[in-house]
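Residue strings, one per chain:
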Amino acid sequence: MAHARPRRRQRIQALVVAAMLLLSSALFTARLPLAAASARLPNTTARLLLFAGLPSSSPLRAFCPRARPSPATCSAFSSSATMAADNPLLVADFDFPPFDRVEPSHVRPGIRELLTRLEGELEELEKGVEPSWGKLVEPLERITDRLEVIWGMVDHLKAVKDSADLRSAIEEVQPDKVKFLLRLGQSKPIYEAFKAIRNSSDWESLNDARKRIVEAQIKEAVLSGVALEDEQREKFNQIEQELEKLTQKFSENVLDATKKFEKVITDKKEIDGLPATALGLAAQTAVTKGHENATAENGPWIITLDAPSYIAVMQHARNRALREEVYRAYLTRASSGELDNTDIIAQILKLRLEKAKILGYKNYAEVSMAQKMATVDRVEELLEKLRAASWDHAVKDMEDLKNFAKDSGSPEATDLTHWDLNFWSERLRESKYDINEEALRPYFALPKVMDGLFTLANKLFGVNVEPADGLAPVWHSDVKFYCVKDSSNSPVAYFYFDPYSRPSEKRGGAWMNVVFSRSRVLARNGLPARLPVAHMVCNQTPPVGDKPSLMTFREVETVFHEFGHALQHMLTKQDEGYVAGIRGVEWDAVELPSQFMENWCYHKDTLLSIAKHYETGETLPEEIYAKLVAAKNFRAGTFSLRQIRFASVDMELHTTYDPYGSLSIYDVDRRVAERTQVLAPLPEDRFLCSFSHIFAGGYAAGYYSYKWAEVLSADAFSAFEDAGLDNEKAIVETGRRFRETVLALGGGKSPLEVFVSFRGREPSPEPLLRHNGLLPVAA
């Protein structure tokens, strides 16, 4: 450009002036969005020059993701500024994602344009790649983060605001996304550059976090097929594309099958036993389905398979026929008709096995374990140890239930089956501990629970959580937004909380996920690092009428659990984005903070601080607290075996099972159930068809992670028990140590190193067995 002829240079200068005048008019007169203002600039050259001359502080640099943009990148961004003006997925910079503006119509053009831009940046990186942090890892982090943030926004909206249009749009662009990720994962220039760092004389001078990043990138590249050639690579890529489609379809079928079941009830006798909260929810559901005059007292009522409705029926409905109908519907979700997941599971298992063999592994479990703490042998050893410790307790649980039903004079006692277990368990719990979970709901109003949870976080970790509604766009009016501040009142993180069930558009379960990771490379607004942002999603009973959301104790535990995940993400002190927060943490250790937080639900001071009657303000009586603690291990053997069944069938399907053989997946499940379930499953049991964790989530050959991490979390909490749960000073000191290790270090050190740095020794399974009442206290 310095060699332009005088006349051409004058024309360019004139265009720049014109551009700036137009820009001023657009920004300050018409008050157009920045991207729209850019679209009015007269030509690409003028825009390019305008960008190049902007000071680093200018808000117009939001168009380019780089602090010092290359001409190629800026040209790519500015040439499609018109599209960006209309498409929130193409806004190049924002403090918080524009969840409120994203529509299904934005997905196809937005994701395709984003991938085109990132493809250009990747090619540019590969051309000039050097085995150095600044020339390899930092630009790579910018590329991967941009895709993770934007795709994460779309994927999140599908989970919480599902629609046919959004599904269709995502389904159409998903192959493009997978193709780009494969292109990125199989980039030999990048792979060779990481290997060069690993083999360089500077390797030993790198800190632990950077070493972990390099080693993880090399391993991920190998598992992404970087070493494959020609036909093998093509086949591998086809498998990845097909698996993405199949897992997506599996998830959609589960959601649709859950939504499909609706039972309208007009005779109150049919739902005798359902508590007031369940009746209110059933009537509220009826109103949303067109029964405008439905009331909790007079109906009609609609029962669904959404968790709050399903659980209420199974625990409280005296109508055994209703329990059976709802149980069978739940157990056979997505197992028949056009929503049948059986063939999808078979295809997934075949493709996973084929993928493993292409990569040189015997089975898919070995592929899964390549990036985890455990090995297949160690997982099987742990599961068997826990199974053996749980079995006799579970047998006794069943005997107790049968005897209680018999003593109650129930005709069901001689034929107790699956749809009776939860009902009679609740009756036995009420009788044995004088606890009625429904009667406790008024003591667990969501606002007070959150206040108590935040008070605990302040005591343990020295942070303040403050409402920040209005600061960030949200996807639904139910969603709350919070800011987390340190002791100096400076923000360290933010999070969204979407608490309530919305069966028509929101998938079931509870989860936490990443919006932004902490990152030095992606720092903004003069901060040393970009602050982490998370979202927490639950599916608890929504407010009914003028009452707040009144929670069961299990729902309280769920909120504490998800907040534990969020804390590890938000309180990280790791500035390298690839290992900040929960990123880079081995999957079988990631449940440690979440399960650790559940323990505090039984801590006296914590529980009594949140358990306040929503109308009177009365604190939960101490004798009821004592009963809750006494009931903590009620049917612990049964619940332990349930998790072991899920983990064991997952491992068997991904290790020894032959998806081309004569045995079906249901044969495998029944065989596993023989040693993990006291009451044999029904012949028509099809729970695998809705087992989203392993067929549509991240837990394939990894469901054992819940038990693996539970060992870690129970042992971590035992550090507080050793210090003294009544010793305020010791709790604070131990909490700060937990923050500085488990919560702060992220994936920058191996989970075992992190655990040892907190606990002073390697983990033991005994605290878990003791906490669950499966070992004598003396042990």
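Residues numbered from 1 in each chain as written. Predicted model: local features only at pLDDT ≥ 70, side-chain atom pairs only at ≥ 80, totals over all residues. Heavy atoms only, no water.

Named according to an unreviewed UniProt entry, the protein is oligopeptidase A originating from Urochloa decumbens. The protein has a UniProt comment under Catalytic activity (unreviewed entry) that states "Hydrolysis of oligopeptides, with broad specificity. Gly or Ala commonly occur as P1 or P1' residues, but more distant residues are also important, as is shown by the fact that Z-Gly-Pro-Gly-|-Gly-Pro-Ala is cleaved, but not Z-(Gly)(5)." Regarding the protein, the UniProt comment filed under Sequence similarities (unreviewed entry) reads as follows: "Belongs to the peptidase M3 family." (UniProt positions renumbered as here; feature names shortened; annotations may be inferred.)

**What about the overall build of the protein?**
Looking only at helices and strands, one finds 31 helices and 7 strands in the protein. Contacts in the protein between residues far apart in sequence, at least 24 positions, make up 71% of those at least 6 positions apart. For the protein, the computed accessible surface area is about 33200 Å², with 50% contributed by carbon and sulfur atoms. (Helix = DSSP H or I, 4+ residues; strand = E, 2+ residues; numbered from the N terminus. Contact = heavy atoms within 4.5 Å. Areas by Shrake-Rupley, 256 points an atom, 1.4 Å probe, with all protein chains shown as cover.)

**Some details on the packing of aromatic side chains**
Each aromatic ring pair is specified by the distance between its two centres and by the angle formed by the two planes. For the structure shown, the criterion picks out 41 aromatic pairs. Both rings, one in phenylalanine 553 and one in tyrosine 602, keep their centres 5.2 Å apart while their planes meet at 75°; by these two values the pair is edge-to-face. In this pair, phenylalanine 553 is assigned in helix H21 (residues 553-570) and tyrosine 602 in the loop between helix H22 (592-598) and helix H23 (604-610), connecting sequence segments 49 residues apart. In this structure, phenylalanine 553 and tyrosine 602 share a single accessibility class: buried. With a centroid separation of 5.1 Å and 50° between ring planes, the pair formed by tyrosine 703 and tyrosine 706 is classed as tilted. Pair check on accessibility: tyrosine 703 and tyrosine 706 agree, each one buried. A network of ring pairs unites the aromatic residues Phe461, Phe596, Trp600, Phe717, Phe720, Phe738 and Phe758 as a single cluster. Positioned over the ring face of phenylalanine 423 is arginine 427, at 4.7 Å from the centre of the ring. The positively charged end of arginine 507 is found above the aromatic ring belonging to tryptophan 511, 3.7 Å away from the centroid. (Phe/Tyr/Trp six-rings, centres within 6.5 Å; stacked < 30°, edge-to-face > 60°. Buried < 20%, exposed > 50% of the residue type's maximum accessible area, 1.4 Å probe, protein only. Lys NZ or Arg CZ within 6 Å of the ring centre and 35° of its normal.)

**With respect to the sheet that holds strand E5 (residues 491-500)**
The sheet built from 5 strands is open, its strands ordered E3-E4-E5-E7-E6 with mixed pairing. On the outer flanks of this sheet lie strand E3 (464-467) and strand E6 (511-516), each paired with one strand and no other. On average, adjacent strands in this sheet sit at an angle of 25° to one another, irrespective of strand direction. (Pairing = 2+ DSSP bridges. Axes fitted to C-alpha atoms, helices over the stretch in contact; angles between N-to-C directions.)

**Details of the nonpolar core**
Core analysis: the biggest nonpolar cluster contains 168 residues, and Phe461, Phe495 and Phe563 have the highest contact counts within it. Counting residues per element, this core draws most heavily on helix H17 (residues 376-407), at 10 residues. Residue contacts for phenylalanine 563: discarding those within four places in its chain leaves Leu453, Phe454, Ala457, Val465, Phe495, Met536, Met570 and Met597. Among the nonpolar cores identified, the runner-up in size contains 62 residues, and Val137, Leu157, Ile170 and Val533 belong to it. (Core = buried A, V, L, I, M, F, W, Y, C linked by side-chain atoms within 4.5 Å.)

**Digging into the side chain of aspartate 669**
Structurally, the position occupied by aspartate 669 is in helix H26 (residues 665-676). Relative accessible area serves as the criterion here: at 3%, aspartate 669 is assigned to the buried category. If sequence neighbours within four positions are ignored, aspartate 669 has contacts with Arg645, Val649, Asp685, Phe687 and Leu688.

**Some words on the pattern of salt bridges**
If charged atoms from side chains of opposite charge come close, those side chains can pair. Scanning all chains against the criterion turns up 65 salt bridges. Here lysine 135 makes a salt bridge to glutamate 130, at a shortest N to O gap of 3.6 Å. The shortest N-O distance in the salt bridge between arginine 770 and glutamate 721 comes to 3.6 Å. Residue arginine 770 is found in helix H31 (residues 766-771), and its partner glutamate 721 is found in helix H28 (residues 705-723); the two are separated by 49 residues along the sequence. For arginine 770, a relative accessible area of 26% translates into the label partly exposed. The structure contains a network of salt bridges with shared partners spanning Asp478, Asp498, Arg502, Glu505 and Lys506. (Salt bridge = Lys/Arg side-chain N within 4 Å of Asp/Glu carboxyl O.)

**Quick look at the packing of helix H8 (residues 164-185) against helix H11 (residues 230-260)**
Packing of H8 against H11 brings their axes to within 10 Å, and their N-to-C directions diverge by 150°. In terms of orientation, H8 and H11 fall into the roughly antiparallel class. Note on packing geometry: the crossing formed by H8 with H11 is right-handed. Listed contacts from H11 to Arg167, Ile170, Gln174, Pro175, Lys177, Val178, Lys179 and Leu182 of H8 are Phe236, Asn237, Glu240, Gln241, Glu244, Lys245, Gln248, Glu252, Leu255 and Asp256. (Parallel < 35°, antiparallel > 145°, perpendicular 65-115°, else oblique. Left-handed = near helix turned anticlockwise from the far one by under 90°.)

**Examining the pairing of strand E1 (residues 262-265)**
The two faces of E1 differ: Lys263 and Ile265 on one face are buried, but Glu262 and Val264 on the other face are not. Two strands pair when backbone bridges link them, and E1 and strand E2 (residues 301-304) are joined in this way by 4 bridges, in the antiparallel orientation. Pairing of isoleucine 265 across the sheet is with tryptophan 301, part of E2.

**A few points about unusual backbone geometry**
A cis amide bond links glycine 299 with the next residue in sequence, proline 300, at an omega value of -5°. Among the structural elements, proline 300 can be located in the loop between helix H12 (276-288) and E2. Backbone geometry places alanine 334, a non-glycine residue, at a positive phi of 55°. Topologically, alanine 334 is positioned in the loop between helix H14 (320-331) and helix H15 (342-358). For alanine 334, a relative accessible area of 4% puts it in the buried group. Of note in the backbone geometry, arginine 635 takes a positive phi value of approximately 60° without being a glycine. Of note, arginine 635 is situated in the loop between helix H24 (622-630) and helix H25 (636-653). Overall, arginine 635 belongs to the buried group, its relative accessible area being 8%.

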